[in-house]
Amino acid sequence: LKPYLIPVEVSRHRGKRAAVDAYSWLHKGMYGCAYDLGVKNHYWKQQRRDPPYVRYCVHRAQMLRHFGVTPVIVFDGDRLPAKGGEEKERRDRRAECMRKGHEKMAVGDKDGAAFFFAQGLDVTPAMAHELIAALKREGFEFVVAPYEADAQIAALAQLGGGGKGGVDVVFTEDSDLVAYGCPTVLFKLDKHGAAMELNVADVLAGPPESAFRGREDAQSQLREETAEETATRAEKKADADAGAGDDDAPIATTASGRASRGKKHAAAAKKKRPAKGAPLDFSGWCLTRFLELCVLSGCDFLPNVPSIGIKRAHALMCAHGSAAATLAALRAEKKVPIPEAYEAGFRRAFWTFRHARVYDPSQKRLRPLTPLPEELAAPGAETAFLGAHVEDAVA
């Protein structure tokens, strides 16, 4: 998505409300005191000051206020069951980084220790509580999500910045908010009020002209496509001679048919790949298809299929049209090992993004981010992966 980012000053959003991922700010604020946190030197307690990570967040919030933007700080809530596997992997990685940090400290390498501590530290509920206390003191608005802060931020963006308690724009360092469909997302906010802005409408409109790297890449791409078209025509002629069906026919079930159609799908997917250095082209896509791509290429709720990253997933979905058709084609070709029951996991991951439980400040109750489909709304449907329901009075 980097080619779609545009540099902006936050002052352009003066008079608007902005949701902020609290934990992304807390993580960045921890970097400056990673060594002290790693060795448990909480000197700020003796000085009766806010911790450095809290001061970092408050300073950022005050900066937004200075530029006329009203921040709404959003905190993660309970752990989401669907994220259990990813959370364990992250805990293991953090523990390993902390171990390496203490090894560096033992040999007197303070800088090395600080580096690994910064990678291994995690935001704790106590840190979030410290920030909440400071936000209350400074008069800043905040929301604690029932589960994922990203889903809650998306819900606030749905409401808009009017009188319903929603927001106009969002600040984060997590690209998941693009998958959630937030219209305007700002990344890399600095202390001077500069940031990088991404508008989902721009992404779905196709690559900007400035993203392409001049005539040389364009000519290279043309040569590649010409060669691929020649190869594709030859393959089509061979398929016709063999009596193969056209591109709209159902997936072949015979071994020879699968091999023939596999070649055509591979050629079509390769043709859709952008030239080196060019951005992925999402023109003509909708948000549902974009979310399918995000899940297929790997997300917090589902690992990617082996060897299927974002670029290959994009090429495959351009060739086949949807994630379901892509997975069906991959299974028919049998070249990529797709885990058993992957499709069921894919649906749960997709639903976790689309129908996450969020708090609606205008209704003062929990609701799904978007209305549940029939499969999940039916009596007795399994929805535990979305998290437990919370009564309105508790919410």
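How each quantity is defined
Residues numbered from 1 in each chain as written. Predicted model: local features only at pLDDT ≥ 70, side-chain atom pairs only at ≥ 80, totals over all residues. Heavy atoms only, no water. Axes fitted to C-alpha atoms, helices over the stretch in contact; angles between N-to-C directions. Helix = DSSP H or I, 4+ residues; strand = E, 2+ residues; numbered from the N terminus. Parallel < 35°, antiparallel > 145°, perpendicular 65-115°, else oblique. Left-handed = near helix turned anticlockwise from the far one by under 90°. Contact = heavy atoms within 4.5 Å. Nonpolar A, V, L, I, M, F, W, Y, C, P; charged D, E, K, R; others polar. Core = buried A, V, L, I, M, F, W, Y, C linked by side-chain atoms within 4.5 Å. Buried < 20%, exposed > 50% of the residue type's maximum accessible area, 1.4 Å probe, protein only. Polar contact = N/O pair within 3.5 Å; in protein donor to acceptor, adjacent residues only side chain to side chain. Pairing = 2+ DSSP bridges. Phe/Tyr/Trp six-rings, centres within 6.5 Å; stacked < 30°, edge-to-face > 60°. Lys NZ or Arg CZ within 6 Å of the ring centre and 35° of its normal.

Enquirer: How should the packing of helix α13 (residues 287-296) against helix α14 (residues 310-320) be read in this particular structure?
Expert: A pair of packed helices can be characterised by two numbers: the angle between their axes and the separation between those axes. Closest axis-to-axis distance for the α13/α14 pair is 9 Å, and the angle between their directions is 135°. One finds that α13 runs oblique with respect to α14. By crossing handedness, the relation of α13 to α14 is classed as right-handed. Residues Arg 289, Glu 292, Leu 293 and Leu 296 of α13 pack against Ile 310, Ala 313, His 314, Met 317 and Cys 318 of α14. Class assignment of the residues belonging to the contact of α13 with α14 gives a composition of six nonpolar, one polar and two charged.

Enquirer: What's the story with the nonpolar core in this structure? I'm lost.
Expert: The nonpolar side chains of a soluble globular protein tend to be buried with one another. Formed by 62 residues in total, the largest nonpolar core has its most connected members in Val 170, Cys 182, Phe 282, Val 295, Tyr 342, Phe 346 and Phe 353. The leading source of residues in this core is helix α8 (residues 149-159), at seven residues. Setting aside anything within four residues of it in sequence, one finds Phe 353 in contact with Ala 179, Tyr 180, Leu 291, Val 295, Cys 299, Phe 301 and Leu 369. Val 20, Phe 75, Leu 121 and Leu 135 belong to the second largest nonpolar core, which has 43 residues in total.

Enquirer: Got a minute to help me understand helix α15 (residues 323-333) in this structure?
Expert: Since there are 3.6 residues in each turn of an α-helix, residues three or four apart along the chain are aligned in direction. Residues of α15 that are buried: Ala 323, Thr 326, Leu 327, Ala 329, Leu 330 and Ala 332. Note on α15: the residue one or two positions beyond its end, Lys 334, has a positive phi of about 60°.

Enquirer: What am I meant to see in helix α1 (residues 22-31) here?
Expert: Burial within α1 is extensive, with seven of its ten residues counted as buried. Check the buried side of α1 and you find it contacts β2 (17-21), α2 (34-38), α4 (52-66), β3 (70-75) and α7 (125-138). Backbone nitrogen of Tyr 23 and a side-chain oxygen of the N-cap are separated by 3.2 Å at the start of α1; the cap is Asp 21.

Enquirer: Please clarify how the pairing of strand β7 (residues 194-199) should be interpreted in this entry.
Expert: Side chains on a regular strand alternate between the two faces of the sheet. With four bridges joining them, strand β1 (residues 6-9) and β7 adopt antiparallel strand pairing. Within β7, the residue paired with Glu 9 across the bridge is Ala 194. Where strand β6 (residues 184-187) meets β7, four bridges bridge the pair, whose relative direction is antiparallel. Looking at the pairing, Phe 187 lines up with Met 196 of β7. Hairpin connection between β6 and β7: a loop of six residues separates the two successive antiparallel strands, and Lys 188 in this loop has a positive phi of roughly 55°.

Enquirer: How do you make sense of the environment of Ala 22 when you look at a structure like this?
Expert: Among the secondary structure elements, Ala 22 is positioned in helix α1. Sequence spacing of Ala 22 and Leu 131 is 109 residues, and the spatial spacing of their C-alpha atoms is 8.8 Å. In this structure, Ala 22 is in contact with Ile 73, Val 74, Phe 75 and Leu 131, ignoring residues within four places of it in sequence.

Enquirer: Explain the packing of α15 against helix α16 (residues 342-354) to me, please; I cannot follow it from the model alone.
Expert: Remark: α15 packs on α16, axes separated minimally by 11 Å, with the N-to-C direction vectors making an angle of 165°. What the angle tells us is that α15 and α16 run roughly antiparallel. Crossing of α15 over α16 shows right-handed handedness. Facing α15, whose interface residues are Ala 323, Leu 327 and Arg 331, α16 presents Tyr 342, Glu 343 and Phe 346.

Enquirer: Would you mind going over the sheet that holds strand β5 (residues 169-171) with me for this structure?
Expert: Within a beta sheet, neighbouring strands are joined by backbone hydrogen bonds and run either parallel or antiparallel to one another. Strand order in this open sheet of seven strands is β1-β7-β6-β5-β2-β3-β4, and the pairing throughout is mixed. Looking along the sheet, the strands with just one partner apiece sit at the ends: β1 and β4 (141-144). When strand polarity is set aside, the average angle formed by the axes of neighbouring strands in this sheet is 30°. Each of β2 and β3 is contacted by α1, which is oriented at about 55° to β2, the strand it contacts most.

Enquirer: For this particular structure, what's the right way to read the packing of aromatic side chains?
Expert: Working definition: an aromatic ring pair is given by the centre-to-centre distance plus the angle between the planes. Enumeration according to the criterion identifies eleven aromatic pairs in this entry. Taking the centre distance of 6.1 Å and the plane angle of 85° together, the rings of Trp 44 and Tyr 53 count as edge-to-face. Pair check on accessibility: Trp 44 and Tyr 53 agree, each one buried. Through a chain of ring-to-ring contacts, three or more aromatic side chains come together here, namely Tyr 43, Trp 44 and Tyr 53. A cation over a ring is seen here: Lys 110 above Tyr 35, with NZ or CZ 4.9 Å from the ring centre. Taking the ring centre of Trp 285 as reference, the NZ or CZ of Arg 289 above it sits at 4.1 Å.

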